[in-house]
Amino acid sequence: MKTSTCLLALVLACAFTGVAPAMEMPSTHTAAMPAAPKLDAALRSLWHGHVVHTRDYALAVHAHDAAKAKVAADAVVANAKQIADAVGGFYGKAAGARMLDLLAGHWGGVKALTDARAANDKAAENKAMATLQSNASEIAKFLAGANPNLPESALQGLLATHVAHHATQIQQIMAGDMKGEAATWQAMQAHMDTISDALAAGIAKQFPAKAS
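Residues numbered from 1 in each chain as written. Predicted model: local features only at pLDDT ≥ 70, side-chain atom pairs only at ≥ 80, totals over all residues. Heavy atoms only, no water.

A. Representation of the packing of aromatic side chains within the structure. Evaluation of the coordinates by the stated rule reveals 1 aromatic pair. Where Y57 meets W107, the ring centres are 5.3 Å apart and the plane angle is 85°; that geometry is what we call edge-to-face. With Y57 in helix 2 (residues 37-62) and W107 in helix 4 (residues 93-118), this residue pair connects regions lying 50 residues apart in the sequence. Pair check on accessibility: Y57 and W107 agree, each one buried. In this structure, R55 packs its charged tip against the face of W185, placed 4.8 Å from the ring centre. (Phe/Tyr/Trp six-rings, centres within 6.5 Å; stacked < 30°, edge-to-face > 60°. Helix = DSSP H or I, 4+ residues; strand = E, 2+ residues; numbered from the N terminus. Buried < 20%, exposed > 50% of the residue type's maximum accessible area, 1.4 Å probe, protein only. Lys NZ or Arg CZ within 6 Å of the ring centre and 35° of its normal.)

B. The environment of T168, seen in detail. One can find T168 in helix 6 (residues 152-175). Overall, T168 belongs to the partly exposed group, its relative accessible area being 32%. Sequence separation between T168 and G180 is 12 residues; the distance between their C-alpha atoms is 9.3 Å. The residues touching T168, leaving out its near neighbours within four places in the chain, are R117 and T184. (Contact = heavy atoms within 4.5 Å.)

C. Focus on empty space enclosed by the protein. Throughout the structure, instances matching the rule amount to 1 cavity of 30 Å³ or more. Its volume calculated, the largest cavity comes out at about 50 Å³. Surrounding the largest cavity, L143, L155, L158, L159, I195, A198 and L199 form its lining. Among the elements of the structure, helix 6 and helix 7 (178-206) are those that each provide at least two residues to the lining of the largest cavity. Its residues assigned to classes, the lining of the largest cavity comprises 7 nonpolar, no polar and no charged. (1 Å grid on protein atoms, 1.4 Å probe; cavity = no way out; pocket = protein on both sides within 12 Å on 5 of 7 lines; lining within 4 Å. Points joined across faces, edges and corners; volume = space filled by probe spheres on them. Nonpolar A, V, L, I, M, F, W, Y, C, P; charged D, E, K, R; others polar.)

D. Region of the structure containing the pattern of salt bridges. One pass over the structure, following the stated rule, counts 8 salt bridges. When the shortest N-O distance is used, the salt bridge between D197 and R44 registers 2.7 Å. Of this pair, D197 sits in helix 7 while R44 is found in helix 2, placing the two residues 153 residues apart along the sequence. Taken as a pair, D197 and R44 share a single burial class, namely buried. The partner of R117 in a salt bridge is E125, and the shortest N-O contact between them spans 3.0 Å. As far as the burial class goes, R117 and E125 line up, both buried. Three or more residues are tied together by salt bridges with common partners; here these are D40, R44, D193 and D197. (Salt bridge = Lys/Arg side-chain N within 4 Å of Asp/Glu carboxyl O.)

E. Broad picture of helix 6. An ideal rise of 1.5 Å per residue puts 34 Å on 24 residues; helix 6 measures up with 34 Å between its terminal C-alpha atoms. In the segment just after helix 6, G176 is the residue with positive phi, at about 75°. (Expected span 1.5 Å × (residues − 1).)

Encoded structure:
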């Protein structure tokens, strides 16, 4: 029950407390009108914010701009804390702490992978990828446990693709392949919509009165 309330808190907090999007952008894929438009928009905003800030971090690291890297890293952490604080505000500190742990694990892996590839440290790169893959499994298990409309295997596939996008994007940025990165960035943003739409649809089905 605790995991169910945690997930619901996340989406309701985003939908009804006015979380501002990190960046406005049109969707790159067409879908039917969501069952809960406010909820869907809130989740898209959060997922897009995450990838915007992690990309900014990679670009700053590649440019050897420590100041911009710190700003981007702080923005990623602030985004994670915003979600966790919303969860804690609705359903208590324990739920917020659990969400923050999961988000911190993901960001820790992305940051470590970025730093490892910038330093051409293969061992650290492999360790970071293992961290990201393990964390994706934890997140999938957590969300599936919260909502029977979100199968763990499907979530794992969505999150595995997200991790792969991070890995490809970081590699391209560090290689200076911005043409290739542009294509990855477009796919990455579209995939954020796929993830957020799946979560919103599952939650709207589970809690139709609260998510509408």
